[in-house]
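Inside the fold
Chain by chain, the residues:
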Amino acid sequence: MILYRTTEGLVLQEGDQRFTLEETLDGLMMQADVHDFLAEKMQGAGTARPIDAAKLLAPIGSQEVWAAGVTYLRSRAARMAESKDAGGGDFYDRVYSAERPELFFKSLPHKVVGPGGTVGLRSDATWSVPEPELALLIDPRGKIVGYTIGNDMSSRDIEGQNPLYLPQAKVYNRSCALGPGILMTNEPLPKETRIAIEIERGGSVVFSGETSIAQIKRPFEELVTYLYRDQTFAFGTFLLTGTGVVPPDSFTLEKGDTVRIRIDGIGELMNPVG
Ligand code: DO4
Ligand code: MG
């Protein structure tokens, strides 16, 4: 079942059955077993009109958004190339195979852009890309309880100048998007789950690419273990799991582009760039 946050509250959907919840996402994260709780609520569901896309909000409450990096070979190669003149290439190579993963803070919840919202470009960046990523919803006890689509917008020229500039390349206004809804499940996603992206400019697709979660280097649980080590998340947290799709080096996003990210079983996150 998919959980949407709308202007009218949280809506749970399974097929054409929908149920509007009184709880918030923070409240759901307090449940001992959120899947049992939602399954019980779903018993009261009825057939309803499809959710109006204009009413969708970013599916987040008080959760911080964190991100993992260099979890796919494609990302390792891209970072090594962009930072080679600055001597950073070695860092990315080493973190790919190190025991400890790269984890970084991405966004406060109120800064997250929802479905249809405009994602931003840094005014001082010359090379900007979207990063299509599977996002985990992790409860306060460290259990993965859901999955959504994330866009880890990044300024590649800034992160390439010096690895210490990573927070500036990654955290700025409208640099993180999530949505459209959260697939709430206890089951691990099938390995063949595809993450696909299309970037449109003036009515044409100027970049498309895809990967599958089978290509990720580390188990999700390993990323969660490191994130939750010596850190408490009272309402749980979201974790972007890294990108496996990187446009060619000649490509940079422009204002007016549209980014569409699709993940099997979850849906499509569409954001204009502004
Ligand atoms: O190390 C830089 C960022 C990596 C990242 O965001 C990714 O691999 O998705
Ligand atoms: Mg990323």
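Here goes a summary of the coordinates provided.

**With respect to the site of ligand 1**
- In the vicinity of ligand 1, 15 residues are found, and the nearest of them are Val 70, Ser 75, Glu 102, Lys 170 and Thr 243.
- Within the side chain of Arg 79, one N or O atom sits 3.4 Å away from an oxygen atom of ligand 1.
- Here an oxygen atom of ligand 1 and a backbone polar atom of Thr 243 are 2.9 Å apart.
- Against a free-state accessible area of 280 Å², the protein chains account for coverage of 100% of ligand 1.
- Within the residue set of the shell around ligand 1, elements represented by two or more residues are β6 (64-69), α3 (73-82), β7 (102-107) and α6 (166-170).
- Residue composition of the shell around ligand 1, by class: 5 nonpolar, 4 polar and 6 charged.

**Details of the coordination of the magnesium ion (ligand 2)**
- The protein atoms donating to the magnesium ion (ligand 2) are Glu 131 (OE), Glu 133 (OE) and Asp 152 (OD), with metal-donor distances spanning 2.0 to 2.1 Å.
- Donor residues for the magnesium ion (ligand 2) sit on one chain with the sequence pattern E-x1-E-x18-D. Taken as a pair, Glu 131 and Glu 133 share a single burial class, namely buried.

**Regarding helix α7 (residues 220-228)**
- Within α7, burial applies to Phe 220, Leu 223, Val 224, Tyr 226, Leu 227 and Tyr 228.
- Against the buried residues of α7 lie β6, β7, β9 (132-138), β10 (144-152) and β15 (237-240).
- Just past α7, the residue Asp 230 takes up positive phi, approximately 60 degrees.

**Side note on α3**
- Buried within α3 are the following residues: Ser 75, Ala 78, Arg 79 and Glu 82. Down the axis, α3 shows its buried residues gathered within 95 degrees of arc, on one side only.

**Section: the pattern of salt bridges**
- For the structure on display, the rule yields 21 salt bridges.
- Glu 131 is the partner of Arg 79 in a salt bridge, and the nearest nitrogen-oxygen pair spans 2.7 Å. On the criterion of sequence distance, the pair formed by Arg 79 in helix α3 and Glu 131 in the loop between β8 (128-129) and β9 is long-range, its members being 52 residues apart. Both residues of the pair, Arg 79 and Glu 131, belong to the buried class.
- A salt bridge links Lys 106 to Asp 152; its shortest N-O distance comes to 2.7 Å. Note that Lys 106 is positioned in strand β7 and Asp 152 in strand β10, a separation of 46 residues in sequence. Here Lys 106 matches Asp 152 in class, with each residue buried.
- By sharing partners, the salt bridges in this structure join Arg 79, Lys 106, Glu 131, Asp 152, Glu 159 and Lys 170 into a single network.

Reading the values: the criteria
- Residues numbered from 1 in each chain as written.
- Chains lettered and ligands numbered in written order.
- Predicted model: local features only at pLDDT ≥ 70, side-chain atom pairs only at ≥ 80, totals over all residues.
- Heavy atoms only, no water.
- Near = heavy atom within 4 Å.
- Polar contact = N/O pair within 3.5 Å; in protein donor to acceptor, adjacent residues only side chain to side chain.
- Areas by Shrake-Rupley, 256 points an atom, 1.4 Å probe, with all protein chains shown as cover.
- Helix = DSSP H or I, 4+ residues; strand = E, 2+ residues; numbered from the N terminus.
- Nonpolar A, V, L, I, M, F, W, Y, C, P; charged D, E, K, R; others polar.
- Donors = N, O, S within 2.8 Å, 3.2 Å for Na, K, Ca; no water.
- Buried < 20%, exposed > 50% of the residue type's maximum accessible area, 1.4 Å probe, protein only.
- Contact = heavy atoms within 4.5 Å.
- Arc of directions from axis to C-beta.
- Salt bridge = Lys/Arg side-chain N within 4 Å of Asp/Glu carboxyl O.

What is shown is where atoms sit, not what they do.
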